[in-house]
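These are the residues of each chain, in order.
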Amino acid sequence: MTPQPAPSVRVQADDFDVAHEQALLTQGRRDIGALVSFVGLCRDEDGALEALELEHYPGMAEAEISRVAVEALERWPLQGLTVIHRFGQIRPGEQIVLVLTAARHRADAFAAAEFLMDYLKTRAPFWKKERRAGGAPGDWISAKSEDDSAAERWR
Amino acid sequence: MTPQPAPSVRVQADDFDVAHEQALLTQGRRDIGALVSFVGLCRDEDGALEALELEHYPGMAEAEISRVAVEALERWPLQGLTVIHRFGQIRPGEQIVLVLTAARHRADAFAAAEFLMDYLKTRAPFWKKERRAGGAPGDWISAKSEDDSAAERWR
Amino acid sequence: MKALYFARVRERIGLSEEEIAPPGEVVTVRQLIEWLSRRGDGYAAAFANPATIRAAVDKRHAAPDAPIGAAREVAFFPPMTGG
Amino acid sequence: MKALYFARVRERIGLSEEEIAPPGEVVTVRQLIEWLSRRGDGYAAAFANPATIRAAVDKRHAAPDAPIGAAREVAFFPPMTGG
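Presented here is a report on the structure given in the accompanying data block. Fair warning: this is a prediction, and the values are worked out from it, not measured in the lab.

Calculation notes
- Residues numbered from 1 in each chain as written.
- Chains lettered and ligands numbered in written order.
- Predicted model: local features only at pLDDT ≥ 70, side-chain atom pairs only at ≥ 80, totals over all residues.
- Heavy atoms only, no water.
- Helix = DSSP H or I, 4+ residues; strand = E, 2+ residues; numbered from the N terminus.
- Rg over C-alpha atoms; globule rule 2.2 N^0.38 Å.
- Buried < 20%, exposed > 50% of the residue type's maximum accessible area, 1.4 Å probe, protein only.
- Contact = heavy atoms within 4.5 Å.
- Areas by Shrake-Rupley, 256 points an atom, 1.4 Å probe, with all protein chains shown as cover.
- Lys, Arg positive; Asp, Glu negative; His and termini not counted.
- Charge placed at Lys NZ, Arg CZ, Asp CG, Glu CD.
- Buried area = accessible area lost by both parts, 1.4 Å probe.
- Salt bridge = Lys/Arg side-chain N within 4 Å of Asp/Glu carboxyl O.
- Polar contact = N/O pair within 3.5 Å; in protein donor to acceptor, adjacent residues only side chain to side chain.
- Arc of directions from axis to C-beta.
- 1 Å grid on protein atoms, 1.4 Å probe; cavity = no way out; pocket = protein on both sides within 12 Å on 5 of 7 lines; lining within 4 Å.
- Points joined across faces, edges and corners; volume = space filled by probe spheres on them.
- Nonpolar A, V, L, I, M, F, W, Y, C, P; charged D, E, K, R; others polar.

### A short note on the overall build of chain A
Turning to step 1, where the next piece is worked out: Per the secondary structure count, chain A includes 4 helices and 8 strands.
Turning to step 2, where the next piece is worked out: N-terminal to C-terminal, the α/β element order of chain A is β-α-β-β-α-β-β-β-α-β-β-α.
Turning to step 3, where the next piece is worked out: Compactness check: chain A gives a C-alpha radius of gyration of 16 Å against a globular reference of 15 Å for 155 residues, within 12% of the reference.
Turning to step 4, where the next piece is worked out: Projecting the C-alpha coordinates of chain A onto the three principal axes gives extents of approximately 55 × 35 × 30 Å.
Turning to step 5, where the next piece is worked out: Counting only residues that meet the buried cut, chain A has 56% of its 155 residues in that class.
Turning to step 6, where the next piece is worked out: Taking the contacts inside chain A whose residues are at least 6 apart along the sequence as the reference set, 78% of them involve residues at least 24 apart.
Turning to step 7, where the next piece is worked out: Entry remark: accessible area of chain A is about 6,200 Å², with carbon and sulfur atoms responsible for 49%.
Turning to step 8, where the next piece is worked out: The average position of the 19 basic charges and that of the 25 acidic charges among the side chains of chain A differ by 4 Å.

Below, the structure written as structure tokens:
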């Protein structure tokens, strides 16, 4: 059994490059069988949205994502794990969040990536505020009860 | 409701570039919320494997993957779908298969990607033969019953 | 003790952080919310619906009954909408 | 009718494809396998364990009871191991 990899967790305003992150996770390795990536993107809501403003709790955001990542490593035999979550202004079509999982077998990589996203949604301290097209001030996005139930299924 | 996208299905000897495929799927779009990619890689089996030789049934491979892709599009509201499967000689660390799914919501993108992989494993006409380290002839890889049961859960 | 406020809670209170010194009988997160609610109209509005308030004690999620103990930092915010 | 063989089936028969002309009483995939098995030792070995044989008729998976009808192309192979 290989030792648990250290998860790579980053909270940043800058965009990220999925291909670069995949390369970092797999470089020099020949024992990985499955690589799953999830990218969450900002949708324009049929043209109604001009941008999202993502507020976060610095320090806790990194700590909480790291706790979720460690939990994923305890549940599934992963060979690598990267989570990047952006904050600040994000426009439609731009990337918000990345989860990358590497494992010998695909079921573990898929399950861990879904678990991470479900938990990030309900535990990571980020809040999205809309800015409507035309510059009209928008509202805070409400937490969805379906996100809570998505997280519930891992208990 | 947007019309169903045409799936992009390719069976090829050449390697593929995940970032390029993701860019093709998302370019110019601002309505995609979730992008899931799965890459299946050749494992070296703790150094025992020198290469895999992937045999396929030309014509049927493309047709069967396309049938599975159409089934995925009927089951989940996807915004884009790409499947690439390689054949020929593949060395440890190299990519074998890519599944990319785009959807408004992450649950659909995840489910469709898992479904596609489970079905490809049991329905796409590919066969893997090992070449052992040192050049010793290896054997055909056996179909795993767990792959059959993974496909069963979608019925 | 430092109090941090985020998102709608921050907007309603009009502050992102402040130093607070709750009295000794304020022991739990719930009691701290009740104490803060009496500091002014903005606080009262921010905490009017406790079901929509989440709290963290020293950067960890904390339930309403959790003790604030010797926390250096307590934060209040709406349910999270990241990811 | 063209018969195609893949992977271990191909190796045991020693051919990747050939033209075949089964008699009229060979109606189903299973009957075609039985008829092919009698063509020689390689065929007999390839089809010795029917549970490990999969078939396709005109590039579609076909069950043992499926009719071969007027198929242009029938293929035999082991369970798939792609992905």
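Structure's up, so let's keep going.
### Section: the interface of chain B and chain A
Turning to step 1, where the next piece is worked out: Taken together, the 34 residues of chain B in the interface contact 34 residues of chain A.
Turning to step 2, where the next piece is worked out: Summing both partners gives a buried area of about 2,900 Å² for chain B against chain A, and 50% of it is carried by carbon and sulfur.
Turning to step 3, where the next piece is worked out: Taken together, the connections running from chain B to chain A amount to 8 salt bridges.
Turning to step 4, where the next piece is worked out: A salt bridge links R106 of chain B to D118 of chain A; the shortest N-O distance between them is 2.7 Å.
Turning to step 5, where the next piece is worked out: Applying the counting rule to chain B against chain A returns 13 residue pairs in polar contact (both at pLDDT 80 or more).

### Digging into helix 4 (residues 145-152) of chain A
Turning to step 1, where the next piece is worked out: Listing the buried residues of helix 4 of chain A in full gives D147, A150 and A151 of chain A. Down the axis of helix 4 of chain A, the buried set is contained in an arc of 95°. They therefore lie on one face.
Turning to step 2, where the next piece is worked out: Buried-residue contacts for helix 4 of chain A involve helix 3 (106-123) of chain A together with helix 3 (106-123) of chain B.

### A look at the layout of surface pockets
The rolling of a water-molecule-sized probe over the atoms marks out the regions of remaining empty space.
Turning to step 1, where the next piece is worked out: There is about 930 Å³ of room inside the largest pocket.
Turning to step 2, where the next piece is worked out: Contributing to the lining of the largest pocket are 49 residues, with K121, K144 and D147 of chain A, R106 of chain B together with G82 of chain C lying nearest its centre.
Turning to step 3, where the next piece is worked out: Per-element tally for the lining of the largest pocket: the top contributor is helix 3 of chain A, with 7 residues.
Turning to step 4, where the next piece is worked out: Of the residues assigned to the lining of the largest pocket, the class counts are 21 nonpolar, 9 polar and 19 charged.

### Looking at the interface of chain D and chain B
Turning to step 1, where the next piece is worked out: Contact residues are listed per partner, giving 20 residues for chain D and 26 residues for chain B.
Turning to step 2, where the next piece is worked out: For the pair chain D and chain B, the two sides together bury roughly 1,900 Å², of which 55% comes from carbon and sulfur.
Turning to step 3, where the next piece is worked out: By the criterion of area lost to chain B, the three top residues of chain D are K59, T81 and G83 of chain D, representing 35% of everything that side buries.
Turning to step 4, where the next piece is worked out: For R8 of chain D, the salt bridge goes to D139 of chain B, with nearest N and O atoms at 3.6 Å.
Turning to step 5, where the next piece is worked out: On the surface where chain D and chain B come into contact, there are 13 residue pairs in polar contact (both at pLDDT 80 or more).
Turning to step 6, where the next piece is worked out: When contributions to the side of chain D that touches chain B are tallied by element, the ones reaching two or more residues are strand 1 (2-5), helix 1 (7-13), strand 4 (60-62) and strand 5 (73-77) of chain D.

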